[in-house]
Amino acid sequence: MTIRVPAATGHRSGPYEAVAGSPVARRLVLEAQTGSDAVRRVDVVGSGRYGKTALLDALAEAFRVGGAEVRREVPSSDEPLAPGVALLVDDAHLLAAADLARLAGLARGTDGHLVVAHRPWPRPTGTAALGAVLAAQRPPVVLDVLDRTGVAARAAIMLGERDTDALVDTVLVQTAGVPGLVDLLLAALVDQAGADRARLHGAATRTPVGLLTQLGYAVQGQPPGVRDLLTASALGAPLEAEVLVPLLGLDPDGNGPSALDELVETARAAGLLTADGRAIPLVAAAVLARPPPGSRRGARRALAALQL
């Protein structure tokens, strides 16, 4: 069956379009817009590129529509939140312990609204205490990958009314449904097709070089061990300690397995591996497009030797 999508405006507008395709995010925005007590204290958890910042931006707009004063910075004092104030904090996993403790104190209050978003990893000191206080109010809102319907919703906003079956399937496979990657790939395909939208479906079979370069820079910004892990994953290495520990040069007799676990958690939290540790095709293509050929050959030979 062909998916028919509504006409697009050419860009996202309104709080709901910013979180299109994510039912949990849309529900939270609706609660904020209607002034529901359910959004008094909220813990939002999601890996990189899973839509935390987009959700907070949508919540900010929804709270303002409801008449609340929106703040985005952790306050410097321990004064409780005032009624009518919505404090939205992004990237809480990067905050200092003192800031996390201050947020936990604010979360214990009953006035205002507090929404804290963070990655599942790392977990600095104070994260558990803050999460426990927020979870006492409601279960954490966990942002996940988009399913096919979710990808179709994002495509509808960006592309307008057209047959999108093949395009949606391609984007879903290439991005594994990671929302940020879905948006990047759709935008790059539209740019690649140019004014001739008839070329869009053909363009979907060729990943835009500029996008691979953009993602390559993101990969290069990761710690060396994570880059090596992504290269091994892109080359087909299984998520098995007996393969990856020696392949990545980790100590097999010491903390190698635990070091591997930390690398995997970091890559997952950055949105560069799937939740079950598989390579995301679009990220794998970006990884393999950047390393010198010699390093790829060396990694392939080492992987083949280990598998044999």
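Going by the structure above, here's the rest.
No experiment lies behind these values; they were computed from the predicted model shown.

This part is about the overall build of the protein. Looking only at helices and strands, one finds 14 helices and five strands in the protein. In the protein, which comprises 308 residues, the proportion classed as buried is 44%. Counting only contacts in the protein whose residues sit at least 6 apart along the sequence, the fraction spanning at least 24 positions is 72%. When the accessible surface of the protein is summed, it comes to about 14,400 Å², and 54% of that surface belongs to carbon and sulfur atoms.

Before going further, it helps to examine the packing of helix α10 (residues 224-234) against helix α13 (residues 281-289). Direction vectors running N to C along α10 and α13 enclose 110°, while the axes themselves pass 9 Å from each other. By the angle class used here, α10 and α13 are roughly perpendicular. On α13, the residues that touch Leu230, Thr231 and Ala234 of α10 are Ala284, Val287 and Leu288. Here the residues of the contact of α10 with α13 are counted per class, giving five nonpolar, one polar and no charged.

What follows is about empty space enclosed by the protein. Throughout the structure, instances matching the rule amount to two cavities of 30 Å³ or more. Of the voids in this model, the largest cavity is the one considered here, and its volume is about 90 Å³. Lining the largest cavity are Ala18, Val19, Ser22, Ala25, Tyr50, Gly51, Ala54, Leu143, Asp144, Leu146, Arg154 and Pro179. Within this model, the second largest cavity holds a volume of roughly 30 Å³. What lines the second largest cavity is simply Leu230, Ser233, Leu272, Leu273, Ala279, Ile280, Val283, Ala284 and Val287.

Okay, the environment of Ala82 next. Here Ala82 lies in the loop between β2 (69-71) and β3 (85-89). Take Ala82: its relative accessible area is 36%, and that puts it in the partly exposed class. Residues Ala82 and Glu69 lie 13 residues apart in sequence; the distance between their C-alpha atoms is 9.7 Å. Leaving out residues up to four positions away in the same chain, Ala82 has contacts with Asp111 and Gly112.

Let's shift gears to the environment of Ala176. By the element assignment, Ala176 lies in the loop between α6 (165-175) and α7 (179-193). Along the primary structure Ala176 and Val283 are separated by 107 residues, whereas in three dimensions their C-alpha atoms are 10.0 Å apart. Here Ala176 is in contact with Val145, Thr274 and Ile280, once residues within four sequence places are set aside.

Most of the time, phi is negative for any residue but glycine, and the peptide bond is trans. Here the bond from Trp121 into Pro122 is cis, since omega is 0°, no more than 30 degrees from zero. Inspection of the secondary structure assignment puts Pro122 in the loop between β4 (113-118) and α4 (127-135). Phi at Arg49 is positive, roughly 75°, even though this residue is not glycine. Relative to the assigned elements, Arg49 resides in the loop between β1 (41-45) and α2 (52-65). The exposure class assigned to Arg49 is partly exposed, which follows from its relative accessible area of 29%. Phi angles above zero are rare outside glycine, and Ala176 is one such case at about 55°.

Within the largest apolar cluster, 70 residues are counted, with the highest numbers of intra-cluster contacts made by Val44, Leu55, Leu59, Phe63 and Leu229. With eight residues, the single largest contributor to this core is α7. Residues in contact with Phe63, not counting those within four places in the same chain, are Ala32, Val39, Ala68, Val70, Ala86, Leu88, His113 and Val115. Formed by 16 residues, the second largest nonpolar core is a distinct cluster that contains Leu87, Ala92, Leu95 and Leu103.

Conventions used here
- Residues numbered from 1 in each chain as written.
- Predicted model: local features only at pLDDT ≥ 70, side-chain atom pairs only at ≥ 80, totals over all residues.
- Heavy atoms only, no water.
- Helix = DSSP H or I, 4+ residues; strand = E, 2+ residues; numbered from the N terminus.
- Buried < 20%, exposed > 50% of the residue type's maximum accessible area, 1.4 Å probe, protein only.
- Contact = heavy atoms within 4.5 Å.
- Areas by Shrake-Rupley, 256 points an atom, 1.4 Å probe, with all protein chains shown as cover.
- Axes fitted to C-alpha atoms, helices over the stretch in contact; angles between N-to-C directions.
- Parallel < 35°, antiparallel > 145°, perpendicular 65-115°, else oblique.
- Nonpolar A, V, L, I, M, F, W, Y, C, P; charged D, E, K, R; others polar.
- 1 Å grid on protein atoms, 1.4 Å probe; cavity = no way out; pocket = protein on both sides within 12 Å on 5 of 7 lines; lining within 4 Å.
- Points joined across faces, edges and corners; volume = space filled by probe spheres on them.
- Core = buried A, V, L, I, M, F, W, Y, C linked by side-chain atoms within 4.5 Å.

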